[in-house]
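# What the coordinates show
Next come the chains, spelled out residue by residue.
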Amino acid sequence: MRFSELWKRCWHKKRFVAGACMVALMLLLMLAGFFWMPYDPDAMELTNKLQFFSPAHPLGTDQFGRDILSRMMEGARYSFLIGGLAVAAGFVTGGLIGIFSGYYGGKLDELVMKLIDVQMAFPGVLLALMLIAVFGVGLGNMALALGIMAIPRFARITRSGFLKYREADFVKAARVRGAGDGRIIFRHILPHVAPDLIVTCSLSFAGAVMSEAGLSYLGLGIQPPTPSFGKMLSEAQASILQAGWYVLVPAAAITLLVMGFNLMGDGLQEVIGHDR
Amino acid sequence: MAYYARKTAGFIVTLLLVSLVTFAVFQILPGDPATAILGVDADPVQIEQLRHEIGADQPLPQRFLNWAAGVLRGDLGASYQYRQPVAKLISGGLSVTVSLAVFSLALTVLIGIPTGLWLARHGKKLYAAPVTFLSQLGLSVPAFCMSIVLIEIFSVQLRWLPSMGYTPWAQSPLKCLQSLLLPALAISFGSSAVLIRYVRASVSQQEGELYVRTAKSKGAAPGRVMWGHVLRNSLIPVLTIFGMLVTDVLGGSIIIENVFSLPGIGRLISTSIATRDLPLIQGLVLYLAGIVVVCNFVVDILYSVIDPRIRLK
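Owing to the predicted nature of the structure, the values given are computational and were not obtained by experimental measurement.

Contact residues are listed per partner, giving 38 residues for chain A and 44 residues for chain B. Carbon and sulfur atoms make up 81% of the area that chain A and chain B hide from each other, which totals about 3500 Å². Inspection of the chain A/chain B interface yields 1 salt bridge. In this structure, the salt-bridge partner of A:Asp266 is B:Arg197, at a minimum N-O distance of 2.7 Å. For the side of chain A that touches chain B, the secondary structure elements donating two or more residues are helix H4 (106–120), helix H5 (126–135), helix H8 (181–217), helix H9 (229–238) and helix H10 (245–275) of chain A.

Okay, here's the thing in structure tokens:
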């Protein structure tokens, strides 16, 4: 299936459309922040703390009197940045590992599968926590850790795709015509695996956003005063007795992003599933 | 028999590789442990002596063997911060983490399997939409997000349940369950959504099988077809994701324990990272990963006992 067709069919799937709307909302919030923000996200106003929603502060103010909407606009940048970096790292590294392991097979394949098994033994954010313990806390290190966490998923999907198509008739035909391995891998097989990889990108993005929020919540991710959804949640929890509504704002933002990407992935999967 | 031998060999290799990875990652760390303990200004002779004492001057493979031998004896080294054996600290937190995990798993099964079965039947109906929506929400709301919302509802607004702290079972079973109910609910909200998906898909798949048509054409009532034929066959594959659920629940508890200030392994991990207490982190990571590998192995073996066809594949 060609990409333009895949794209067109996706818009007939309710799940994909709903997910795309959620992601678009967050994307818009982030993009608008580059041109206009109601307040400086770091400007404190202690006389005005934990104010409920009002025309002056549409999403209220936090425990230092900072405008929550402005902080959400800046925080969204980091969610997208970390998610993007983690997916890119997982896509490139995991994809290459999967190609070699699936296309060439043999001992290398066994080793890769074993390593993926090993990686699966580290539950949730444990692997990322271990890497952060070694490399130290910080934005770059967290992106690296989440990128490494995303690798096995991509490797597995790419591997199973290449395993399926490497003996296919169109590959044999290409080989007879004298195509080299590089051409067969990238021009002939990869386009067939690509839709599955797009689904994986979408789901991995959701996973990375979720893990980033979790790590930042623990204080091991993005460091204050830089706003991030996870950190805002822990700040909201600290002032839950005075301002219970504050919790809902970052929680809704994380949910919108994660659910948006999950639904887009599900919708895409449905389209690909029908095609087979 | 060959099947079990192969599975056991794979299990041991995985365990070995997990410990190798855990050991290797902490070797990337720049700097020398002896200098880290004594400080940069310490006497070089003393540093050399300590290096010798803790075995840091030996070659890498030797150090791994020493460490692995220690692990097998139950000796994971001593925590820098607490000045206590790591093994002792872990066993202290383990009871909390295990109670939370068991409670969450029980809730997951109690919610997940009936809802999955119900959705397989009624999923397409309009009145099922809220349930479908909730299970989609379960897949997307991170457990720690959910727990703070639960705190807001059940602790702050309704004042039914405590928002933090842990009461040991021995002290008061009721209070223990109360202190674990919110965290377990938060974890099982997500993991039961995963289970619902699998049960639903598995039942739908089995209902298309030929033996179902045979049973129906013999005149068996729909209830009999469901309970006597479909259910047994569709729950077997669900068992395979049990290993995944254990991983999910344990992974979830790392952050959840911090949200509710439960003194378990997850809480130890985050505090030990904040203080860079490396022997403790290493021990904790190895322990959690070890539990996951063992659980997956047990699930594999159970699966092949329940469904012997697996052994031939």
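From this point, the discussion proceeds with the structure in view.
Residues and elements named next belong to chain A. Taken together, Phe91, Val92, Leu96, Phe100, Tyr104, Leu108 and Phe186 make up a surface patch of nonpolar side chains, about 660 Å² in accessible area. When residues of the nonpolar patch are assigned to their parent elements, the largest contribution, 5 residues, is made by helix H3 (residues 68–104). On the accessibility criterion, Tyr104 (40% relative accessible area) is partly exposed.

A word on the pattern of salt bridges. Residue and element names in this part refer to chain A. The full count for this structure, using the stated rule, is 9 salt bridges over all chains. In this structure, Arg15 engages Glu270 in a salt bridge whose closest nitrogen and oxygen atoms are separated by 3.7 Å. Pair noted here: Arg15 is in helix H2 (residues 14–35) and Glu270 is in helix H10, with a separation of 255 residues, a long-range link. With relative accessibility at 33%, the residue Arg15 sits in the partly exposed group. Under the relative-accessibility criterion, Glu270 is labelled partly exposed at 31%.

Here we come to the confidence of the model for chain B. Residue and element names in this part refer to chain B. Chain-level statistics for chain B give a pLDDT mean of 83 and a share of 95% at 70 or above. Element-level pLDDT for chain B is lowest in helix H2 (residues 33–38), with a mean of 67, against a maximum mean of 88 in helix H5 (residues 86–122). Of the two predicted TM-score estimates for the complex, the pTM is 0.86 and the ipTM is 0.82.

Calculation criteria
- Residues numbered from 1 in each chain as written.
- Chains lettered and ligands numbered in written order.
- Predicted model: local features only at pLDDT ≥ 70, side-chain atom pairs only at ≥ 80, totals over all residues.
- Heavy atoms only, no water.
- Contact = heavy atoms within 4.5 Å.
- Buried area = accessible area lost by both parts, 1.4 Å probe.
- Salt bridge = Lys/Arg side-chain N within 4 Å of Asp/Glu carboxyl O.
- Helix = DSSP H or I, 4+ residues; strand = E, 2+ residues; numbered from the N terminus.
- Patch = residues over 30% accessible without salt bridge, like charges linked within 9 Å, V, L, I, M, F, W, Y side chains within 5 Å.
- Areas by Shrake-Rupley, 256 points an atom, 1.4 Å probe, with all protein chains shown as cover.
- Buried < 20%, exposed > 50% of the residue type's maximum accessible area, 1.4 Å probe, protein only.
- pLDDT = per-residue confidence, 0-100.

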